[in-house]
Amino acid sequence: MSLIEDAFKEFVSNITIILPVIIITIIGYLIEIFLLHFVPSFSLISNFIIGLTIMYSASASLGDYLFRKLDAFLDYLGYSTVSGLILGLFLLVFSILRIGILELLLDALALTFAVLLLPSIYKGKMDVGNTIDWISRSIGQDFISFLVLYILCLFSFYPVIDILTIPVSAILAYLMRFRI
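Heads up: these notes are all about the structure in this document. Predicted model only: the values in this text are computed from it and were never measured.

Examining the packing of aromatic side chains
- For the structure shown, the criterion picks out 11 aromatic pairs.
- Ring centres of Phe143 and Phe146 lie 6.5 Å apart, and the angle between their planes is 35°; this geometry places the pair in the tilted category. Of this pair, Phe143 and Phe146 both sit in helix H7 (residues 143-155), separated by 3 residues, roughly a single helical turn.
- Since its relative accessible area comes to 44%, Phe143 is described here as partly exposed.
- Owing to a relative accessible area of 8%, Phe146 belongs among the buried residues under this scheme.

So this is what it looks like as structure tokens:
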């Protein structure tokens, strides 16, 4: 059985992990709406809000999947915040470049690597160098899983669909990290 099938089966059997994603996404949208009306340079800040919202959602999904507690990700909130801010920085840089559809593709690639770092955070193996080395090896060993993860991350930038794609991508990244 492939990692992709396992990830979808795990997601379906733990469908309640979409609850934190829904809550975090709604809070993220409300913050964006509030800031849109009161902050003149909102477009610069919005990239960081999107990055934080997505990483908090992925972290909460993975925490709920691993520990069966909705608040498990609070223990990893600092790491999730740093990951979200770094993702937001990449989103900001890519939006400043204004490179059309390539911007979305690069955003999804940045998100893919950020999601692949999450399992290392949760398992206490925060060596970024080894994780990046593992990512390059795993792409060679199971490119299809990486491609599916990339496509899931691509769809994570679209409202409503993100409620499903973020948890599945977090589970798939976890399975990839500890089975490859």
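Some words on the nonpolar core
- Membership of the largest hydrophobic core comes to 43 residues, with the highest contact counts inside it found for Leu116, Leu149, Leu172 and Met176.
- When residues of this core are traced back to their parent elements, those giving at least two are helix H1 (3-13), helix H2 (18-38), helix H3 (42-67), helix H4 (77-97), helix H5 (101-122), helix H6 (128-141), H7 and helix H8 (162-179).
- The contact partners of Leu116, leaving out residues within four places of it in the chain, are Thr131, Trp134, Ile135, Phe146, Leu149, Ala173 and Met176.

A few points about H8
- The terminal C-alpha atoms of H8 lie 25 Å apart, and with 18 residues this matches the ideal 26 Å at 1.5 Å per residue to within 8%.
- Counting buried residues in H8 gives 15 out of 18 residues, a clear majority hidden from the surface.

A short note on the layout of surface pockets
- Quantified by volume, the largest pocket comes out at close to 410 Å³.
- Where the lining of the largest pocket is concerned, the elements lending two or more residues are H4, H5 and H6.
- Examining the composition of the lining of the largest pocket, we find that 8 residues originate from one element, H5, more than from any other.
- Grouping the constituent residues of the lining of the largest pocket by class yields 17 nonpolar, 3 polar and 1 charged.
- Estimates place the volume of the second largest pocket at around 270 Å³.

Points about the pattern of salt bridges
- The full count for this structure, using the stated rule, is 1 salt bridge.
- Residues Asp133 and Arg137 are paired through a salt bridge, measuring 3.5 Å at the closest nitrogen-oxygen approach. Remark: Arg137 and Asp133 occur in helix H6; sequence separation between them is 4 residues, near one turn of the helix.
- Arg137 sits in the partly exposed class, given a relative accessible area of 45%.

Points about the packing of H3 against H4
- Look at H3 against H4: their axes get within 7 Å of each other, and the N-to-C directions meet at 140°. Considering their axes alone, H3 and H4 lie oblique with respect to each other. Judged by the twist between their axes, the crossing of H3 over H4 is right-handed. Two secondary-structure elements touch here, H3 through Leu44, Asn47, Phe48, Ile50, Gly51, Leu52, Ile54, Met55, Tyr56 and Ser59 and H4 through Leu77, Ser80, Thr81, Ser83, Gly84, Leu85, Leu87, Gly88, Leu89, Leu91, Leu92 and Ser95.
- Taken together, the residues of the contact of H3 with H4 break down into 13 nonpolar, 9 polar and no charged.

Cut-off values and rules
Residues numbered from 1 in each chain as written. Predicted model: local features only at pLDDT ≥ 70, side-chain atom pairs only at ≥ 80, totals over all residues. Heavy atoms only, no water. Phe/Tyr/Trp six-rings, centres within 6.5 Å; stacked < 30°, edge-to-face > 60°. Helix = DSSP H or I, 4+ residues; strand = E, 2+ residues; numbered from the N terminus. Buried < 20%, exposed > 50% of the residue type's maximum accessible area, 1.4 Å probe, protein only. Core = buried A, V, L, I, M, F, W, Y, C linked by side-chain atoms within 4.5 Å. Contact = heavy atoms within 4.5 Å. Expected span 1.5 Å × (residues − 1). 1 Å grid on protein atoms, 1.4 Å probe; cavity = no way out; pocket = protein on both sides within 12 Å on 5 of 7 lines; lining within 4 Å. Points joined across faces, edges and corners; volume = space filled by probe spheres on them. Nonpolar A, V, L, I, M, F, W, Y, C, P; charged D, E, K, R; others polar. Salt bridge = Lys/Arg side-chain N within 4 Å of Asp/Glu carboxyl O. Axes fitted to C-alpha atoms, helices over the stretch in contact; angles between N-to-C directions. Parallel < 35°, antiparallel > 145°, perpendicular 65-115°, else oblique. Left-handed = near helix turned anticlockwise from the far one by under 90°.

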